[in-house]
Amino acid sequence: QVQLVESGGGLVQAGGSLRLSCASSGRTFSSYAMGWFRQAPGKEREFVAAITWSGGSTNYADSVKGRFTISRDNAKNTVYVQMNSLKPEDTAVYYCAASLNYYCSDYGCDGAAEYDYWGQGTQVTVSS
């Protein structure tokens, strides 16, 4: 069983930055692909960013490309997303997720169905 706990959310003005963290309890964290997703009120959960087990490959949703950066520290069992130039439309609950899928671990995946474990989410609110 893998437990994921997000932190770092909050209220920020447009143009500001936040760094979200996701700590994992799994002893094999370094073998998981990790992803960030978000869900705004009244909308479906959407992909934000993903990173392979080694951190060697990342991919992003077009809406955040160039503004968000995903990274991981396998020694600390933690994945991060640095969010810069935040916009009001980035307001959502942000979730981290872990995938045991071997393909995702090597190449990264952007589909929620590919992820096996989810955190409880952290609220990000961007004011205009």
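Residues numbered from 1 in each chain as written. Predicted model: local features only at pLDDT ≥ 70, side-chain atom pairs only at ≥ 80, totals over all residues. Heavy atoms only, no water.

K.L.:
How do you make sense of the overall build of the chain when you look at a structure like this?
P.N.:
Looking only at helices and strands, the chain has 1 helix and 11 strands in total. Taken over C-alpha atoms, the radius of gyration comes to 13 Å for the chain, in line with the 14 Å a tight globule of 128 residues would show. Judged by the C-alpha coordinates and their principal axes, the chain covers about 40 × 25 × 25 Å. Sequence-distant contacts in the chain: of pairs separated by 6 or more residues, those separated by 24 or more amount to 59%. Averaging the positions of the 10 positive and the 11 negative side-chain charges in the chain gives two centres separated by 6 Å. (Helix = DSSP H or I, 4+ residues; strand = E, 2+ residues; numbered from the N terminus. Rg over C-alpha atoms; globule rule 2.2 N^0.38 Å. Contact = heavy atoms within 4.5 Å. Lys, Arg positive; Asp, Glu negative; His and termini not counted. Charge placed at Lys NZ, Arg CZ, Asp CG, Glu CD.)

K.L.:
What is the right way to look at the pairing of strand β5 (residues 46–51) in this model?
P.N.:
Two faces belong to every sheet, and in a regular strand the side chains alternate between them. Most of β5 sits out of view: 5 of its 6 residues are buried. Relative to β5, strand β4 (residues 33–39) runs antiparallel, the two being bridged by 5 bridges. What sits directly across from Met34, in β5, is Ile51. Joining the antiparallel neighbours β4 and β5 is a turn of 6 residues, in which Gly42 adopts a positive phi near 80 degrees. Two successive antiparallel strands, β5 and strand β6 (residues 58–60), enclose a turn made up of 6 residues, where Gly55 displays a positive phi of approximately 85 degrees. (Buried < 20%, exposed > 50% of the residue type's maximum accessible area, 1.4 Å probe, protein only. Pairing = 2+ DSSP bridges.)

K.L.:
How should I be thinking about the sheet that holds strand β8 (residues 78–83) in this particular structure?
P.N.:
Hydrogen bonds along the backbone pair up the strands of a sheet, which may run parallel or antiparallel. One open sheet holds the 4 strands; their spatial order is β1-β3-β8-β7, and the pairing between them is antiparallel. Every other strand in the sheet has two partners, leaving β1 (4–7) and β7 (68–73) as the edge strands with one partner each. Each adjacent strand pair in this sheet contributes to an overall mean axis angle of 15 degrees, direction not counted. Pairing between strand β3 (residues 18–24) and β8: 6 bridges, direction antiparallel. Paired with Leu18 across the strands is Met83, a residue of β8. (Axes fitted to C-alpha atoms, helices over the stretch in contact; angles between N-to-C directions.)

Fair warning: the whole summary comes from geometry, so function is off the table for now.
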